[in-house]
Amino acid sequence: MKLPSHEVADLGLAQAGVRRVDWAERSMPVLRSVRERFAEERPLEGLRVAVCMHVTAETANLLRAMRAGGAEVWLAASNPLSTQDDTAAALVSEYGVSVHAWAGMDTAAYDRNLVTILESRPHLLLDDGCDLVNTVHLLRPDLLDGVLGGCEQTTTGVIRLRRMSAEGELRMPMVAVNDTATKRMFDNRYGTGQSTIDGILRATNALMAGRTFVVAGFGYCGRGLAERARGMGARVVVTEVDPVKALDAVMQGYTVTTMDEAASMGDVFVTVTGNRDVITAGHLARMRDGAVLANSGHFDLEIELDALARMAVEVNPGVREQADEYVLADGRRLLLLSEGRLVNLGAAEGHPAAVMDLSFAVHALTTAWLAAHHAELEPGVVEVPDATDTEVARLELAALGVGIDSLSPEQEDYLRSWHV
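What counts and what doesn't
- Residues numbered from 1 in each chain as written.
- Predicted model: local features only at pLDDT ≥ 70, side-chain atom pairs only at ≥ 80, totals over all residues.
- Heavy atoms only, no water.
- Phe/Tyr/Trp six-rings, centres within 6.5 Å; stacked < 30°, edge-to-face > 60°.
- Lys NZ or Arg CZ within 6 Å of the ring centre and 35° of its normal.
- Helix = DSSP H or I, 4+ residues; strand = E, 2+ residues; numbered from the N terminus.
- Buried < 20%, exposed > 50% of the residue type's maximum accessible area, 1.4 Å probe, protein only.
- Contact = heavy atoms within 4.5 Å.
- Pairing = 2+ DSSP bridges.
- Axes fitted to C-alpha atoms, helices over the stretch in contact; angles between N-to-C directions.
- Core = buried A, V, L, I, M, F, W, Y, C linked by side-chain atoms within 4.5 Å.
- Left-handed = near helix turned anticlockwise from the far one by under 90°.
- Nonpolar A, V, L, I, M, F, W, Y, C, P; charged D, E, K, R; others polar.

Examining the packing of aromatic side chains
- Scanning the entire structure with this criterion turns up two aromatic pairs.
- Over the ring of Y220 we find R223, and its NZ or CZ is 4.7 Å from the ring centre.

Concerning the environment of S5
- Checked against the element boundaries, S5 lands in the segment before β1 (6-7).
- Taking relative accessible area as the criterion, S5 reaches 31% and is therefore assigned partly exposed.
- Residues S5 and S98, spaced 93 residues apart in sequence, show a C-alpha to C-alpha distance of 4.9 Å.
- If we skip the residues at most four places from it in the chain, S5 touches W74, S98, V99 and H100.

Some details on the sheet that holds strand β12 (residues 292-295)
- Taken in spatial order, the eight strands of this open sheet run β10-β9-β8-β11-β12-β15-β14-β13, and their pairing is mixed. The open sheet terminates on both sides in strands that have one partner only, identified here as β10 (255-256) and β13 (312-320).
- As paired strands, strand β8 (residues 212-216) and strand β11 (residues 268-271) are joined by four bridges and run parallel to one another. Along β11, the bridge assignment pairs A216 with T271.
- Lying on the sheet, helix α8 (residues 181-204) is in contact with β8, β11, β12, β13, β14 (323-328) and β15 (333-337); it crosses β15 at an angle near 125°.

Examining the nonpolar core
- With 79 residues, the main nonpolar core has F38, L63, M66, L91, V99 and L125 as its most contacted residues.
- The dominant element in this core, judged by the number of residues it contributes, is helix α15 (residues 353-373), at twelve residues.
- Discounting residues that sit within four places of it in the chain, L63 has contacts with V51, V73, L75, L91 and V97.
- In this structure, C221, L225, V236 and A249 belong to the second largest nonpolar core, which totals 27 residues.

Focus on the environment of E261
- Tracing the chain through its elements places E261 in helix α11 (residues 259-262).
- Note on E261: relative accessible area 48%, which makes it partly exposed.
- Along the primary structure E261 and R286 are separated by 25 residues, whereas in three dimensions their C-alpha atoms are 9.0 Å apart.

Topic: unusual backbone geometry
- Even without being glycine, S338 reaches a positive phi, approximately 50°.
- The backbone of E339 shows a phi angle near 60°, a positive value even though the residue is not glycine.
- Counting through the fold element by element, E339 comes out in the loop between β15 and α14 (343-346).

Things to note about the sheet that holds strand β3 (residues 72-77)
- Read from one edge to the other, the open sheet built from eight strands follows the order β1-β4-β3-β2-β5-β6-β7-β16, with strand pairing classed as parallel. Only two strands of the sheet have a single neighbouring strand rather than two, namely β1 and β16 (380-382).
- Sheet topology note: the β3/strand β4 (residues 98-100) ladder contains three bridges and is parallel. Within β4, the residue paired with W74 across the bridge is S98.
- Those strands touched by helix α6 (residues 131-138) are β2 (48-53), β5 (124-127) and β7 (173-176), and its axis lies near 135° from that of β5.

Quick look at the packing of helix α2 (residues 29-41) against helix α16 (residues 386-399)
- In contact at an axis separation of 9 Å, α2 and α16 are set at 115° when each is read in the N-to-C sense. Relative to α16, α2 is oriented so that their crossing is right-handed. Along the contact surface, α2 presents P29, V30, S33 and R37, while α16 presents E391, V392, L395, E396 and A399.
- Counted by class, the contact of α2 with α16 contains five nonpolar, one polar and three charged residues.

See below:
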């Protein structure tokens, strides 16, 4: 059998990858039901789909659904550290996906792989952070006429897309999968909270109870992270720039202050803002000996890494797996996790499969909807149809064995009327 185009670490890891993918599928009943439906309906027949996502077992199950729906799929990693090499091998040799990704690739290889999958001349783009969309607009604009649209699944990516759209630069409809209620609730809040703590614990083996845990950003991801840290006994401090979110954190009982103040208070710092330079040289200069620095905000820009490198008189890489120690002139040691990249994927395995079940079910159904309705859409950021979000929530409740009430005709009439 001729294998699809690929550049992976080792195809010999494929069977280990199959076992990993099968294990994840046990916790992904909603996506499995979508895959079964796709196999019957073939909504993506004849379409090429370019995907920039974390190469994990959960992503593999999403791509299996795409393949069942008739798509030809090309995959590149959305983070140089997050690729599971056994999953990548399984996708190529067992599931017929073209994969160009391996763990630990450098930035040049990362960028090259994005261009490689775009050379498939895709009809649809599935993105994580807007890197793929950015690349096709800047480096391969000749391909844009053939792109029908795409989906974006992260807060950071949607922010970038909205800016592109506002400036008139976005030349395709992009569906903001991140902005659905199920995505924010499960993926951003519960998923990021648990997986970030998991990454920090694996990288440090530190006790959370009694520690001061600083969360930079109180969006859905920050809320979930603050909840999990508090649940483990940490004293949680929140920093924010949005008055409404800061007020929300205060009303939930967290200490809210500026990063200037928090810098000298914290034992563990985690950025989840989607912005850059959240922790800067001035903050690093105030931190305690042994402070831990981590990021779950997508790009490795939230902590000022150049400043950290300049301030260090000694760097001890790999003092633990995914942990580098920076020794400052006064002897203080700061511990940077996963090179400042996503700690929940660099040092752990990302969100639990049960979380990604909902996110990827929404993604799969939205991709099928986009394939059917792209001609009706203008370039710009598009919202996921409400019916898709509701359908996924109902499927998950059914998988959990949970029943809910339904409105009676009289109740529906009452809600539609302004008469008492």
